[in-house]
Number of protein chains: 4
Amino acid sequence: MATDSIIHQRCEQLVRFFSQAPIKKTFDMKFSYDAQARAIFELARNPTLDHAGGDTHGGVIATLIDNAGWFTAAPHYEHWLATVDLNVKYIEPAHQENLRAIGELVRAGNRLAITTMRVETKSGRLVAIGSGTFTRTSRSIAEMLG
Amino acid sequence: MATDSIIHQRCEQLVRFFSQAPIKKTFDMKFSYDAQARAIFELARNPTLDHAGGDTHGGVIATLIDNAGWFTAAPHYEHWLATVDLNVKYIEPAHQENLRAIGELVRAGNRLAITTMRVETKSGRLVAIGSGTFTRTSRSIAEMLG
Amino acid sequence: MATDSIIHQRCEQLVRFFSQAPIKKTFDMKFSYDAQARAIFELARNPTLDHAGGDTHGGVIATLIDNAGWFTAAPHYEHWLATVDLNVKYIEPAHQENLRAIGELVRAGNRLAITTMRVETKSGRLVAIGSGTFTRTSRSIAEMLG
Amino acid sequence: MATDSIIHQRCEQLVRFFSQAPIKKTFDMKFSYDAQARAIFELARNPTLDHAGGDTHGGVIATLIDNAGWFTAAPHYEHWLATVDLNVKYIEPAHQENLRAIGELVRAGNRLAITTMRVETKSGRLVAIGSGTFTRTSRSIAEMLG
């Protein structure tokens, strides 16, 4: 199991890594970790990501949930992770509000990590919950972040 | 239950409706129905939707799956649908290939619709499978598509 | 929305209702609510529910999770609920320990309820987590609980 | 990848293995493989597995789905599998009918297997669909079945 110091260092590296992601710019997402190493993704209202009904598309909410889960699990592993399974339960529309997703580590097992996630509006209204399963790949995190 | 003729008409209207979706343009997705009224979404390789590792983001694949399910279920109802639940199983990375998602109607119940979906590359390699649950809202489809 | 007093009354009725369930006897489950109206199901080690490897079958764990979710959601509705969707993530084998499942209400919406659930051993070891979606049926809870 | 001959042999061994499972007897399930090595579980109407409303419990249906998935995936691996994730969508009540679950192999990857499953009544009415993810453990299938 990684020490807090190693996890903290990987969090910093992962934030830098994500800053290069093209989708970060396309969606205009902000990414940080809180003190418990939970990944937080913020998405300010972005009309270019709307469905035809004029509100944030469910796939965009799924993207926040995927990110919040993967980046919450990733710093606990020496290997790079791949997403195995994502479950999203939609609770309320975003209603054009700014969104914030946060992950929670349920289990960092030897082969598999499990997280839960939630997406809220800035005002704290619950928009979606999710859960994810992630598996170790053969690539090392050091190599990917290097 | 809607007749084939009504379903066919709604499919045409839904394609036009989606053509106005901002996310259609942002992602550059193509949308059509096949002869069995299954929704097909095509996404040509789009590097602006990549994660930092340089391949199509899982949330983008979830978006295709969400769309394929929702639009496969929608023409069977007089009411507008809301996505309740989305499950995505990631099988292989897109490896920068063009993608194609298709939905399959499992059940169009009185209150709830269930679909399964798959995402393949243009060459037929399976990238992800999914399932979705959708519920009727109080708004009519005619009002939304009108 | 139901008042606390009505919820409390329904909890008592639901405990009595479940006491008549044949599966309660077959599995030998105990059912109660905690002070926050969360359903708790206890299953003492029962070798008749083992898979061929000699430990509690995953379907039995799914049964606890289904029960914990449904009975946590049910007292919040005037109508009887039907389970729409169940997701179970298996974390560790039961290792022949006594199990305890508990539900958490995430959302009691007009049409749909969402819960999360967890199964632990008596010693607090996490065995599985789950989530569920439940929909109102046309039958009233009063009629079902007689 | 296992040859057809090895898969066929493992299917026979797995049927024998399951015949020793206590839950097989408690539920009174029948297990076989079809010519495509898809696992089939049959459950004749068994009132001891009813919920208090007098019909087959959802956890019993989840058990059939778990079995159909696991046993469809298992013969493709040299290692024993563990269930990672189970998703069940309930479509209609069993209405006291005999049930039949069947699995379909979607993917037998190096680390993870994915299956879909369906539960029907003997008359072909669809009761539930599911999907499952399974991971290799460190134990060999030969050791477990030996």
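You'll find the structure just up there.
Think of each chain on its own: its residues are numbered from 1, step by step along the sequence as written. Chains and ligands are labelled by the order in which they are written, letters from A for the one and numbers from 1 for the other. Only residues with pLDDT of at least 70 are given local features in this predicted model, and only at 80 or more are side-chain atom pairs given and counted; all residues enter the totals for whole chains, interfaces and linings. To obtain the side-chain values, all non-hydrogen atoms of the structure were included, while hydrogens and water were left out.

Novice: Account for the packing of helix 3 (residues 58–73) of chain A against helix 3 (residues 58–73) of chain B, with residues named and values stated.
Specialist: Following both chains from N to C, one finds helix 3 of chain A and helix 3 of chain B inclined at 145 degrees, their axes separated by 8 Å at the closest point. For the pair helix 3 of chain A and helix 3 of chain B, the sense of crossing is right-handed. Contacts from Gly58(A), Gly59(A), Val60(A), Ala62(A), Thr63(A) and Asp66(A) of helix 3 of chain A reach helix 3 of chain B at Gly58(B), Gly59(B), Val60(B), Ala62(B), Thr63(B) and Asp66(B). Considered class by class, the residues forming the contact of helix 3 of chain A with helix 3 of chain B number four nonpolar, six polar and two charged. Angles run from 0 to 180 degrees between N-to-C directions of axes, and those axes are lines fitted to C-alpha atoms, restricted for helices to the stretch in contact. Starting at the N terminus, helices and strands are each numbered in turn, a helix being any DSSP run of H or I of at least four residues and a strand any DSSP run of E of at least two. Each crossing is labelled by how the near helix is turned from the far one, with a counterclockwise turn of less than a right angle marking it left-handed and a clockwise turn marking it right-handed. Contacts are residue-level and defined by heavy atoms, with any inter-residue pair within 4.5 Å sufficient. Only Asp, Glu, Lys and Arg are considered charged in this grouping, and only Ala, Val, Leu, Ile, Met, Phe, Trp, Tyr, Cys and Pro are considered nonpolar; every other residue, Gly among them, is considered polar.

Novice: For the interface of chain B and chain D, give the residues involved together with the corresponding values.
Specialist: Each partner contributes to the interface: chain B provides 15 residues, whereas chain D provides 15 residues. Of the roughly 1,100 Å² buried where chain B meets chain D, counting both sides, 61% is carbon and sulfur surface. We define a salt bridge as a contact between a side-chain nitrogen of Lys or Arg and a carboxyl oxygen of Asp or Glu at a distance within 4 Å. Put simply, chain B and chain D have four salt bridges between them. Measuring nitrogen to oxygen at the nearest pair gives 3.2 Å for the salt bridge that ties Asp85(D) to Lys89(B). Among the elements of the structure, strand 3 (79–90), strand 4 (99–108), strand 5 (112–121) and strand 6 (126–140) of chain B are those that each provide at least two residues to the side of chain B that touches chain D. Residue contributions to the side of chain B that touches chain D peak at five residues, all from strand 6 of chain B. Joining two parts hides part of their accessible area as seen by a 1.4 Å probe, and the buried area is that hidden amount summed over both.

Novice: So what about the nonpolar core? Which residues, and what values?
Specialist: By convention a nonpolar core is built from buried Ala, Val, Leu, Ile, Met, Phe, Trp, Tyr and Cys residues, the set being connected through side-chain atoms within 4.5 Å. Three labels apply to residues, based on accessible area from a 1.4 Å probe with only protein chains included: buried if under 20% of the type maximum, exposed if over 50%, partly exposed otherwise in between. By size, the foremost hydrophobic cluster in this structure holds 90 residues, and its most contacted members are Phe41(C) and Phe41(D). Discounting chain neighbours no more than four positions away, the residues touching Phe41(D) are Phe18(D), Met29(D), Lys30(D), Phe31(D), Leu64(D), Asn67(D), Ala68(D), Phe71(D), Leu99(D), Arg100(D) and Ala101(D). By size, the runner-up hydrophobic cluster in this structure holds 89 residues, among which are Phe18(A), Leu49(A), Ile65(B) and Leu99(B).

Novice: Give a description of the sheet that holds strand 6 of chain B that names residues and reports values.
Specialist: Pairing is antiparallel in the open sheet, where twelve strands are placed in the order 1(A)-2(A)-4(A)-5(A)-6(A)-3(A)-3(B)-6(B)-5(B)-4(B)-2(B)-1(B). If you trace the sheet from one side to the other, it starts and ends with strand 1 (29–33) of chain A together with strand 1 (29–33) of chain B, each paired once. Within the sheet, the average angular offset between the axes of one strand and its neighbour, ignoring direction, is 25 degrees. When strand 5 of chain B meets strand 6 of chain B, the two strands line up antiparallel, connected through nine bridges. Across the sheet, the residue bridging to Arg118(B) is Ile129(B), located in strand 6 of chain B. Packed onto the sheet, helix 3 of chain A meets strand 1, strand 2 (39–43), strand 3 (79–90), strand 4 (99–108), strand 5 (112–121) and strand 6 (126–140) of chain A together with strand 3 of chain B and runs at close to 140 degrees relative to strand 3 of chain A. Packed onto the sheet, helix 1 (residues 4–18) of chain B meets strand 1, strand 2 (39–43) and strand 3 of chain B and runs at close to 170 degrees relative to strand 1 of chain B. Two strands pair if DSSP finds at least two bridges between them.

Novice: Break down the relation of the copies chain B and chain D for me, with residues and values.
Specialist: One copy of the chain maps onto the second through a rotation about an axis and a displacement along it. We place the copies in one frame by least squares, fitting the C-alpha atoms of every residue whose pLDDT is at least 70 in both. In screw terms, the move from chain B to chain D is a rotation of 180 degrees and a rise of 0.0 Å along the axis, fitting with an RMSD of 0.0 Å. Here the copies are linked by what is in effect a two-fold axis. Of all interface residues in chain B, 100% are interface residues in chain D too; the two copies therefore contact each other through one and the same surface.

Novice: Hey, could you go over the pattern of salt bridges for me, with residue numbers and the actual values?
Specialist: Going through the model one piece at a time under the given rule, you end up with 40 salt bridges over all chains. Note that Arg125(A) is salt-bridged to Glu92(A), the shortest N-O span being 2.5 Å. With Arg125(A) in the loop between strand 5 and strand 6 and Glu92(A) in the loop between strand 3 and strand 4, the pair connects residues that are 33 residues apart, well separated along the chain. For Glu104(C), the salt bridge identified is with Arg38(C), shortest N-O distance 3.2 Å. Residue Glu104(C) is located in strand 4 (residues 99–108), and its partner Arg38(C) is located in the loop between strand 1 (29–33) and strand 2 (39–43); the two are separated by 66 residues in the primary sequence. Three or more residues are tied together by salt bridges with common partners; here these are Asp85(A), Lys89(B), Lys89(C) and Asp85(D).

Novice: Tell me about the relation of the copies chain B and chain A, and please be specific about residues and values.
Specialist: For the pair chain B and chain A, the best superposition has an RMSD of 0.0 Å and corresponds to a rotation of 180 degrees with a translation of 0.0 Å parallel to the axis. Interface overlap between copies is the fraction of interface residues in one copy that are interface residues in the other; for chain B against chain A it reaches 100%, indicating a shared surface.

Novice: Residue-level account of helix 3 (residues 58–73) of chain C, with values.
Specialist: Helix span, as expected, comes to 1.5 Å for every residue beyond the first. Under the 1.5 Å per step criterion, the end-to-end length of helix 3 of chain C is 23 Å for 16 residues, consistent within 8% with the ideal 22 Å. Burial runs high along helix 3 of chain C: 16 of the 16 residues are buried.

Novice: Describe the packing of aromatic side chains, and please don't skip the residues or the numbers.
Specialist: Put simply, two rings from Phe, Tyr or Trp (the six-membered ring, in Trp's case) pair if the centres are within 6.5 Å, and we call them stacked under 30 degrees between planes, edge-to-face over 60, tilted for the rest. Under the counting rule described, the total for this entry stands at 42 aromatic pairs over all chains. Consider the rings of Trp70(C) and Phe71(C), whose centres lie 4.7 Å apart with planes at 70 degrees: the pair is edge-to-face. Each member of the pair, Trp70(C) together with Phe71(C), is buried. Judged by centre distance (4.7 Å) and plane angle (55 degrees), the rings of Phe31(D) and Phe71(D) are tilted. Of the two residues, Phe31(D) sits in strand 1 (residues 29–33) while Phe71(D) sits in helix 3 (residues 58–73), which places them 40 residues apart along the sequence. Of the two residues, Phe31(D) and Phe71(D), neither departs from the other in class, the shared state being buried. Three or more aromatic residues joined by ring pairs make a cluster, and in this case those are Phe17(A), Phe18(A), Phe31(A), Tyr33(A), Phe41(A), Trp70(A), Phe71(A) and Trp80(A).

Novice: Quick rundown of the sheet that holds strand 2 of chain C? Include the residues and the values.
Specialist: Within the open sheet, the twelve strands sit side by side as 1(C)-2(C)-4(C)-5(C)-6(C)-3(C)-3(D)-6(D)-5(D)-4(D)-2(D)-1(D). Their pairing is antiparallel. Edge positions in the sheet fall to strand 1 of chain C together with strand 1 of chain D, since each has one partner strand and no second. Between one strand axis and the next, the sheet turns through 25 degrees on average, direction left out of account. Looking at chain direction, strand 2 of chain C and strand 4 of chain C are connected through four bridges and run antiparallel. Residue pairing across strands places Leu43(C) opposite Leu99(C), the latter belonging to strand 4 of chain C.

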